[in-house]
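One-letter residues, chain by chain:
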Amino acid sequence: NVETGVWTSPASHISGAIDSYYEYLLKGAILFDDAQLRGMYDVSIAAVNRYLADERDGALWYGHADMDSGVRTRTHYGALDAFMPGMLALGGDLPRAQCLQASNHRMWTHFGIEPERFDYATMAVVDAGYPLRPEIIESAYYLWLYTKDPKYRAMGEEYLASLVRYCRVDSGDAA
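These notes cover the structure that comes with them.

Parameters at a glance
- Counting of residues starts from 1 at the beginning of each chain's written sequence and follows it residue by residue.
- A pLDDT threshold of at least 70 governs which residues receive local features in this predicted model, and a stricter bar of 80 or more applies before side-chain atom pairs are shown or counted, although totals over entire chains, interfaces and linings include all residues.
- Side-chain metrics in this entry use all non-hydrogen atoms of the structure; hydrogen atoms and water are not considered.
- For helices, the fitted line uses only the C-alpha atoms of the stretch in contact; every axis is such a line through C-alpha atoms, and the angle between N-to-C directions lies from 0 to 180 degrees.
- What counts as a helix is a DSSP run of H or I of at least four residues, what counts as a strand is a run of E of at least two, and both are numbered from the N terminus.
- Angular relationships are summarised with four words: roughly parallel below 35 degrees, roughly antiparallel beyond 145, roughly perpendicular across 65 to 115, and oblique for the angles in between.
- A clockwise turn of the near helix away from the far one marks a right-handed crossing, whereas an anticlockwise turn of less than a right angle marks a left-handed crossing.
- Note on contacts: a residue pair qualifies if any of its non-hydrogen atoms lie within 4.5 Å across the two residues.
- Throughout this entry, Asp, Glu, Lys and Arg are counted as charged residues, while Ala, Val, Leu, Ile, Met, Phe, Trp, Tyr, Cys and Pro are counted as nonpolar. The remaining residues, Gly among them, count as polar.
- At least two bridges found by DSSP between two strands are what make those strands a pair.
- Here a helix's expected span is defined as the number of its residues, less one, multiplied by 1.5 Å.
- For each residue, the accessible area found with a 1.4 Å probe, counting protein chains only, is set against the maximum for its type, and the residue is called buried under 20%, exposed over 50%, and partly exposed in between.
- Directions from the helix axis toward the C-beta atoms define the arc.
- Counted as a polar contact is a pair of N or O atoms within 3.5 Å, where, for protein atoms, one must be capable of donating a hydrogen and the other of accepting one, and residues adjacent in sequence contribute only when both atoms are in side chains.
- We define the nonpolar core as a collection of buried residues of types Ala, Val, Leu, Ile, Met, Phe, Trp, Tyr and Cys that are connected through side-chain atoms lying within 4.5 Å of one another.
- A side-chain nitrogen of Lys or Arg and a carboxyl oxygen of Asp or Glu constitute a salt bridge if their distance falls within 4 Å.

Our next topic: the packing of helix α5 (residues 135-147) against helix α6 (residues 150-167). Contact geometry for α5 and α6: axes closest at 8 Å, N-to-C directions at 160°. Of the possible angle classes, the one that applies to α5 and α6 is roughly antiparallel. α5 and α6 meet at a crossing whose hand is left-handed. Contact with α5, carried on its side by Ile136, Ile137, Ala140, Leu143, Trp144 and Thr147, involves Tyr152, Arg153, Met155, Gly156, Tyr159 and Leu163 of α6 and no other residues of that element. Here the contact of α5 with α6 is composed, by residue class, of nine nonpolar, two polar and one charged.

Dropping the structure here:
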């Protein structure tokens, strides 16, 4: 709570309402050559990888955990979480970024377009909306930029084709 300083939720995750924090630590560190921001990112991403990373059926996901106990509380992942491979690549962790982008791509192709949120343990949609989020495309771009592997360009083309198929209307694009 910004007025009292009391925690309003014990949920720890990389999803909406916190995703930008991690991203801004890293991008701020790079933009301003700021060692303090980089140190904060390094400590944060180590904890995120320790407590939120979740390998299931050969795929890497990031779920939700209780911030006090570290116990997994949800197996939800979605459109806003899809920034993570790009951030990991930008931060220098290409192997983990590539594994997570493979999961992103699995999510996208499983549904034909990514859901706002789904449960990766059951592969069931939790929130079927798609408000034209760019995170998964940005992750494909960063991975292509750092690896030059054409599969990431192909992913981007596939995402664009889905956007045209499902979101294009006469006057532009719609969620």
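On to the sheet that holds strand β5 (residues 72-74). If you walk across this open sheet you meet the three strands as β1-β4-β5, and the pairing is antiparallel. Taken across any chain shown, the strands that pair with only one partner, and hence form the sheet edges, are β1 (11-12) and β5.

Glancing now at α5. Side chains that are three or four residues apart share a direction in an α-helix, a result of its 3.6 residues per turn. The terminal C-alpha atoms of α5 lie 18 Å apart, and with 13 residues this matches the ideal 18 Å at 1.5 Å per residue to within 8%. When we look at burial in α5, the residues that qualify are Glu135, Ile136, Ser139, Ala140, Tyr142 and Leu143. In a view along the axis of α5, the buried residues occupy a sector of 165°, so they form one face of it. In this fold, the buried residues of α5 make contact with α1 (19-32), α3 (84-90), α4 (94-111) and α6. One or two positions beyond α5, positive phi appears at Lys148, with a value near 60°.

For α4, which comprises 18 residues, the first-to-last C-alpha distance of 26 Å matches the rise-based estimate of 26 Å (1.5 Å per residue) to within 8%. Each element contacted by the buried residues of α4 is listed here: β3 (59-62), β6 (76-78), α3, β7 (117-119), α5 and α6. You can read the cap of α4 off the contacts: a side-chain oxygen lies 3.3 Å from the backbone nitrogen of Arg96, and it is on Asp93. Once α4 finishes, Gly112 follows within two positions and takes phi at roughly 90°, a positive value.

This part takes up the nonpolar core. Of all hydrophobic cores here, the largest spans 40 residues; its most connected members are Ile14, Val48, Tyr62, Tyr77, Met84, Met87 and Leu88. Elements represented by at least two residues in this core include exactly α1, α2 (35-51), β3, α3, α4, α5 and α6. When sequence neighbours within four positions are dropped, the list of residues in contact with Tyr77 reads Ile14, Trp61, Tyr62, Ala82, Pro85, Leu100, Asn104, Met107, Arg117, Phe118 and Tyr120.

Relative to the elements of secondary structure, Ser44 occurs in helix α2. Accessibility expressed as a relative area gives 16% for Ser44, which makes it buried. Of the polar contacts made by the side chain of Ser44, one reaches the backbone oxygen of Met40; its length is 2.9 Å. Here Ser44 is in contact with Tyr21, Tyr22 and Leu25, once residues within four sequence places are set aside.

A few words now on the pairing of strand β2 (residues 53-56). Judged from the four bridges that link them, β2 and β3 form a sheet pairing that is antiparallel. Within β3, the residue paired with Asp54 across the bridge is Trp61. Here β2 folds back onto β3 in antiparallel fashion, the turn holding two residues, of which Asp57 has a positive phi close to 50°.

Taken as a whole, this structure holds eight salt bridges when the rule is applied. The partner of Glu23 in a salt bridge is Lys27, with the nearest N and O atoms 2.9 Å apart. With Glu23 and Lys27 both in helix α1 and four residues apart, the pair spans about one turn of that helix. The exposure class of Glu23 is buried, given its relative accessible area of 11%. One salt bridge in this structure joins Arg38 and Asp42, with 2.9 Å as the shortest N-O distance. Residue Arg38 and its partner Asp42 are located together in helix α2, separated by four residues, close to a single helical turn. On the basis of relative accessible area, Asp42 is assigned to the partly exposed category, the value being 35%.

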